[in-house]
Amino acid sequence: MAQSTKNLPSFIHLLSTMRFAITMLCFIGIASVIGTILKQNEPYENYIIKFGQFWFEFFEAMGLYNVYQAFWFLLILIFLIISTSFCVSRNSPKILKEYKKFQLNARERSLKSFKHSYEIPVKKFSTSKLEKLLTENKFRVKKQTNKNGDLIISAKKGDLQKLGYIFTHLAIIIISIGGLMDGNLVLKMQELTGSKQIIYEDLALNDVPESGKLTNSNFSYRAQMLLREGEKQSVAVLKAKEGYFIQDLPFIVGLNDFRIEHYSTGQPKSFESDLIVEDKETGELIKKTINVNTPLTFNGVTIYQSSFEDGGSELALDVWNLHSAEKTSKMESIIFKKNELVINNQTYFFEFNDFRKFNILDIEIGNEKKPTNVGPSFIYKVRNQSGQAKEYQTYQYPMMIDNSSYFVSGMRKTPQEDYQYLKLPADANGEINGFMIFRELLHSPQILNNAIKRVVAQSFPEGGEKSQIYFEGVDRVLSGFIEGGYSQIAESIDTTLPIEDQERIANSYIKIIFLVGKELITIYELNNIEADNFLFESNHKFVQESLTGFNDSFFYGLPIFLELKNYVHVQSSGLQLTKSPGQFWVYLGSILLVLGIFCMIYIQEVRLWILKKKDNKDILLALTTNRHRLEFDQFAHKISQLMKKTFN
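Residues numbered from 1 in each chain as written. Predicted model: local features only at pLDDT ≥ 70, side-chain atom pairs only at ≥ 80, totals over all residues. Heavy atoms only, no water.

A look at the overall build of the protein chain
What counts, and what does not: The secondary structure listing takes helices from DSSP runs of H or I that are at least 4 residues long and strands from runs of E that are at least 2 residues long, numbered from the N terminus. For this measure, only C-alpha atoms enter the radius of gyration; the expected value for a globule follows 2.2 Å times N^0.38, where N is the number of residues. The cut-offs for exposure are 20% and 50% of the maximum accessible area for each residue type, with area from a 1.4 Å probe on protein chains only; residues under the lower value are buried, those over the upper are exposed, and the others partly exposed. Whether two residues are in contact is decided by their heavy atoms: any pair within 4.5 Å suffices. In this tally Asp and Glu are treated as negative and Lys and Arg as positive; neither His nor the chain ends contributes. We put the charge of a Lys on NZ, of an Arg on CZ, of an Asp on CG and of a Glu on CD.
Looking only at helices and strands, the protein chain has 15 helices and 26 strands in total. Taking 648 residues into account, the globule formula puts the C-alpha radius of gyration at 26 Å, and the protein chain, at 41 Å, lies well above it. Viewed in the frame of its principal axes, the protein chain has a C-alpha envelope of about 145 × 55 × 55 Å. Looking at the protein chain as a whole, 42% of its 648 residues are labelled buried. Contacts spanning at least 24 positions in sequence make up 63% of the contacts within the protein chain whose residues lie at least 6 apart. Taking the average location of the 73 positive side-chain charges in the protein chain and that of its 71 negative ones, the two points are 24 Å from each other.

Describing the pairing of strand S11 (residues 301-310)
We apply this condition: Strand pairing is assigned whenever DSSP detects at least two bridges linking the two strands.
Inspection of the sheet shows strand S10 (residues 296-298) paired to S11 by three bridges, in the antiparallel sense. Following the sheet pairing, Thr297 is matched in S11 by Thr302. Between the end of S10 and the start of S11, which pair antiparallel, lie two residues, with Asn299 showing a positive phi angle near 55°. Bridge analysis of S11 against strand S24 (residues 571-579) gives eight bridges, and the strand direction is antiparallel. Looking across to S24, one finds that Glu309 is bridged to Ser572.

Comments concerning the confidence of the model for the protein chain
Let me state the cut-off plainly: A score between 0 and 100, pLDDT records how confident the predictor is in each residue.
Model confidence for the protein chain is summarised by a mean pLDDT of 88, while 98% of its residues fall at 70 or above. Per-residue pLDDT, averaged within each element of the protein chain, yields its smallest value for helix H1 (residues 2-15) (60) and its largest for strand S22 (residues 420-425) (96). Across residues 1-6 the pLDDT falls below 50, and counting only partners more than four positions away or on other chains, this stretch makes zero contacts in the model.

Some remarks on the sheet that holds strand S25 (residues 606-612)
Note: strands within a sheet are paired through backbone hydrogen bonds, in either parallel or antiparallel orientation. Heads up, the condition is: Working convention: axes come from line fits to C-alpha atoms, limited for helices to the stretch in contact. Angles between N-to-C directions cover 0 to 180 degrees.
With respect to topology, five strands assemble into an open sheet ordered S1-S26-S25-S3-S2, the strand pairing being antiparallel. Each edge of the sheet is formed by a strand with only one pairing partner; in this case those strands are strand S1 (116-120) and strand S2 (140-145). The mean angle between the axes of side-by-side strands here comes to 15°, regardless of whether they run parallel or antiparallel. Bridging between strand S3 (residues 151-157) and S25 involves seven bridges; their strand directions are antiparallel. Among the inter-strand pairings, Ala155 is bridged to a residue of S25, identified as Leu608.

Observations regarding the sheet that holds strand S12 (residues 314-321)
In spatial order, the strands read S13-S12-S23; together these three strands make up an open sheet with antiparallel pairing. With one partner strand each, in any of the chains shown, strand S13 (329-334) and strand S23 (560-568) form the two edges of the open sheet. Taken pair by pair, the neighbouring strands of this sheet meet at an average axis angle of 30°, ignoring direction.

Here we look at the nonpolar core
Rules: By nonpolar core is meant a set of buried Ala, Val, Leu, Ile, Met, Phe, Trp, Tyr and Cys residues that side-chain atoms within 4.5 Å join together.
Ranked by size, the top nonpolar core spans 62 residues in total, and within it Phe350, Phe352, Val516 and Phe561 carry the most contacts. Counting residues per element, this core draws most heavily on helix H12 (residues 499-527), which supplies nine residues. Filtering out sequence-adjacent residues up to four positions away, Phe561 remains in contact with Asp318, Val319, Trp320, Leu322, Thr394, Phe407, Ser409, Leu422, Leu424, Ile432, Met436 and Tyr556. With 27 residues, the next largest nonpolar core counts Ile198, Phe245, Val253 and Leu255 among its residues.

Here's the deal with the packing of helix H4 (residues 71-100) against helix H7 (residues 160-181)
We count it as follows: Just so you know how the angles are binned, under 35 degrees is roughly parallel, over 145 roughly antiparallel, 65 to 115 roughly perpendicular, and the rest oblique. Definitions for this section: a left-handed crossing has its near helix turned counterclockwise from the far helix by less than a right angle. A right-handed crossing has that turn clockwise. Each residue is assigned to one class: nonpolar for Ala, Val, Leu, Ile, Met, Phe, Trp, Tyr, Cys and Pro, charged for Asp, Glu, Lys and Arg, and polar for all the others, Gly among them.
Axis separation between H4 and H7 bottoms out at 9 Å; the angle between their running directions is 155°. Classed by the angle they form, the pair H4 and H7 counts as roughly antiparallel. Every pair of crossing elements has a handedness; the one defined by H4 and H7 is left-handed. Among the residues forming the contact of H4 with H7, the class breakdown is 18 nonpolar, seven polar and two charged.

As structure tokens, this is what we get:
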């Protein structure tokens, strides 16, 4: 006990040193840089993707994903407040004393030793004239007649320069206190004691336990709310690590309307929400339109327009089976809802997660790529019965790729991967029907048989045994292609043919498949004279692209293609609700900080003494300053010349 008491003064001395305060400031500066570079409060999945599992866990342990509310950051703030308070309490009395002090006890010898010391001859001395001259030059003046009859006048100006030190240190204290007030320190203490616990499951509001709910008395928070048009809510979500808290609000927020404007490229230009806010206790009602730069403050909570998302758009879809001749079927769904579909005796579960009315992609136009709006898309996950999921993004309209028009759908197995795209060629009408007709022809045995016969007849017009053998061979190749694409044919070649013949035979098979594909379209056109899906100058390119698309469909991970036929776009407004009692103190501290820095940098303290000895007509003028600059040399010379002129 005695030892700790003995150490206490040295510990306090350490806290009160400038070195310790600057060290704390450096830590805060480094933390602020990290908080600026590393995007804060992102979903943890984003950090895992960006940094990998090892560095994600390391940064998470360091609290770098929410730096300004990390426990160590708040602890540094506390130490900075203590240290700076000691500095201020220790130095302010001396500064204030110095502010009042005029130093009338200056000696003649010491005044003569000043760099700016002048002995000025005087014909007719007048104290009042001297005081007037000094006052006109912004000096505060005090005079004293010593016991020996000598008159000494002390004057000074720029005293606020010293007060700048106090202002600056007080500003650091006030800003830090404001930071602590907004630092969720109370909530962190509640978490430590176990009275509040982060919710990690996706629960309905009524199922959230009380330990996961925060009352209106929560000292400060920065919560999120997502409102659909016409919807009302009285709670918000406070993100915490990988989970969340439910923050109760003192009012009910309703969204009457949400509007968004776009640039010609499709990029968002501005967005705003028409809100109606009702106080729960008084029933006070406020209607206001907010946007990014115009928030609404109500009952101490500020509501910011932060983002926008889909609010549950309604989708009308056509379901195309890629691996059979089935006709299209219909599916209707809503974003954030789930659908179930049985395909080829397998049950698939569809989770529609997002609809984007505008999609900006770099599309090759001429010889360069330009950001282009390619129209609506929808994002969904498909789970099989074992729960494994793949994510898809499908665009509604065809887009130009390498001078061809394709319907595009991306697939990826994990969010960390890039999409792998399935490209199905658009027909002569810019529709997907042409490819789907081609797919149906491939799966129609009779039509396929006729197409193969037409190809065989081109090589063996006379018929005979050779033509029959050739027919069986082509039929076998086409059967393999329809069952598994080019990869199945390649597998067959690898297992049955010598290496030296494989490339030649493979090229022959590809040519045969292409010829059959052309004949399929010819047969279709002969039987459907009015059909215009294949009215190209040459359908050579379309057949090639359709065969490629059909082959790629085996790697799509889903035996169907969802075509977006129509939609009803429903938007939701993303709001941020901030209760920040420390904001006022941060602003006040910032003003004080600017004032203090201005005083210290731009105000120069000047002290001046004039000694008029009783038995001497001349006066001794001496000036000094805390910062010697060329301007001060000129000022001292100017004052001395003014006195010469005044008294001669």
